[in-house]
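Coordinate analysis (summary)
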Amino acid sequence: MNLRDLRYLIAVADHRHFGRAAEACHVSQPTLSGQIRKLEEMLGVTLFERTNKSVIPTPAADQIVPLARAAVEKADAITSLAQGWRDPFAGSLRLGVIPTLGPYLIPRVLGPLRRDYPELDLVLWEDVTDNLLARLRRHELDAILMATTEDQDDIQSLPLFDEPFLLVLPEAHPLASQTMIREDQLPEVEMLVLADGHCLRDQALAACQQSGAGRADLRATSLEMLLNMVAAGYGCTLAPALVVAGRAVPVPGTVARPLVPGTAGRTVRLAFRETFPRREAVDAMAQTIRSLRLGGY
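Below or above, wherever it landed, is the structure these notes cover. Owing to the predicted nature of the structure, the values given are computational and were not obtained by experimental measurement.

According to the stated counting rule, one finds two aromatic pairs in the structure shown. Between F18 and F48, the ring centres sit 6.3 Å apart and the planes meet at 75 degrees, which makes this aromatic pair edge-to-face. Here F18 is found in helix 2 (residues 18-25), whereas its partner F48 is found in strand 1 (residues 48-50), with 30 residues between them in sequence. The buried category is assigned to F48, whose relative accessible area is 2%. Judged by centre distance (5.1 Å) and plane angle (25 degrees), the ring pair of F89 and Y117 falls under stacked. Of this pair, F89 sits in the loop between helix 4 (59-86) and strand 3 (91-97) while Y117 sits in the loop between helix 5 (102-116) and strand 4 (120-126), placing them 28 residues apart in sequence. You can call Y117 partly exposed: its relative accessible area is 22%.

Here we take up the pattern of salt bridges. Scanning the model with the defined rule gives twelve salt bridges in all. A salt bridge links R50 to E40, with the nearest nitrogen and oxygen atoms 3.1 Å apart. Of the two residues, R50 is situated in strand 1 and E40 in helix 3 (residues 29-43); the sequence distance between them amounts to ten residues. When its relative accessible area of 38% is taken as the criterion, R50 is described as partly exposed. A salt bridge links D283 to R279; the shortest N-O distance between them is 2.9 Å. Here the residue D283 and the residue R279 both occupy positions in helix 10 (residues 279-291), the gap between them amounting to four residues, near one helical turn. Among the residues examined, D283 registers a relative accessible area of 33% and is labelled partly exposed. When its relative accessible area of 32% is taken as the criterion, R279 is described as partly exposed. Each of R135, R138 and E140 takes part in a single network of salt bridges with overlapping partners.

A separate point is the nonpolar core. Counting residues in hydrophobic clusters, the biggest one holds 65 residues, and the most contacted among them are L105, L145, L167 and L270. The dominant element in this core, judged by the number of residues it contributes, is strand 6 (residues 155-170), at eight residues. When residues no more than four places from it in sequence are discounted, the contact partners of L270 are L95, A143, I144, L145, Q156, S157, L158, L160, V282, M285 and A286. Counting residues in hydrophobic clusters, the runner-up holds 20 residues, among them A13, F18, A21 and A68.

Taken residue by residue, helix 6 (residues 129-137) has T129, L132, L133, R135 and L136 as its buried positions. Viewed end-on, helix 6 has its buried residues packed into an arc of 160 degrees, placing them on one side of the element. Just downstream of helix 6 lies H139, where phi reads positive at about 65 degrees.

The next thing to look at is the side chain of R266. You can see R266 is positioned in strand 9 (residues 265-273). One polar contact links R266 to T100, side chain to side chain, over a distance of 3.0 Å.

Cut-offs used in this document
- Residues numbered from 1 in each chain as written.
- Predicted model: local features only at pLDDT ≥ 70, side-chain atom pairs only at ≥ 80, totals over all residues.
- Heavy atoms only, no water.
- Phe/Tyr/Trp six-rings, centres within 6.5 Å; stacked < 30°, edge-to-face > 60°.
- Helix = DSSP H or I, 4+ residues; strand = E, 2+ residues; numbered from the N terminus.
- Buried < 20%, exposed > 50% of the residue type's maximum accessible area, 1.4 Å probe, protein only.
- Salt bridge = Lys/Arg side-chain N within 4 Å of Asp/Glu carboxyl O.
- Core = buried A, V, L, I, M, F, W, Y, C linked by side-chain atoms within 4.5 Å.
- Contact = heavy atoms within 4.5 Å.
- Arc of directions from axis to C-beta.
- Polar contact = N/O pair within 3.5 Å; in protein donor to acceptor, adjacent residues only side chain to side chain.

In C-alpha cells form, the structure reads like this:
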C-alpha cells in the first residue's frame, strides 16, 4: 500500500465514478481501476460495488476511506512543511476565492505576484465561502480570499482592503437621476440578490434591512447575471465597487450610483489555518494585494 493507492481510493469514493476519479488523479481509467483491484486483493476486502451505472463504497470502504484521507493529509502536511522550510515562496500555493471577488481581483494580482515571486505557483479554486472554509480546514486549500470575518481558534485572517457597494439601477429608475443614494432609500428598492450560499447575498439584504429579496423568484448564481437582469428592468442590485470599476464600459441599460459613505460594503480578507507552515507566503500575498490600493473607490 502506498499514498498513490490511497489517493485513488479517495478519488473513487468522492466521485463515485472510475472515469471521473481517473481524470481527477490525472491517470488513465484502466490504471486507476487496476490499482484499486490490487488494493482490494492486498486488503482482502471489496471496497466498491460496481455496476454499469454506479460505483458504491462498501461498508468496509466507509470505514477505510476516512483513515486513508487522514493519512494522505498528514503526508501532504509533511511535504508542505518541508517545502516551507526550504523556501516559502516556491512551489504551489492553493488559493480559494469567492465568485463575487475572483474574476475582478485575481487578474490584477497575478502579474505582480509573478513578478515578485516567480517560483510561486498559484493554484486557484473558486467556490462559496462555506465550501472554501471546509476545504481550508481539510487542508485542501492553503488560504482563501473572502469577504466575511472567520477568525476562530483554527482560522486566522488578514484584512486587505475595504470595498464599498454601489447601487446598480436601470437607466429609467427614479433614483438613477441622483448622484448618491442614501441609506434610508435602500429598503424601498426592489433588490435582486444572489442565490443562497453567497455572502454577498446576506450583505446586500442586511444593507437594505430586508429578510428576503424583492423578487424571490429571480435569484442569480453570478454577479454578471444579476447585472444583466438589472439591465432588463427586473430590479436593482448592490455590486462591489471592484466589479463596477473593473469594467471597461457599464452593462448597457444600467447606471451605478455610490452610496453615502459608510452605508454598505465589505472587507476583503485573506484567511489561512493558524498552523499553516508557510506564513511568509501568506503575508507576501497580503502585502502584494494591499499594494494595489484597491480600497480607494
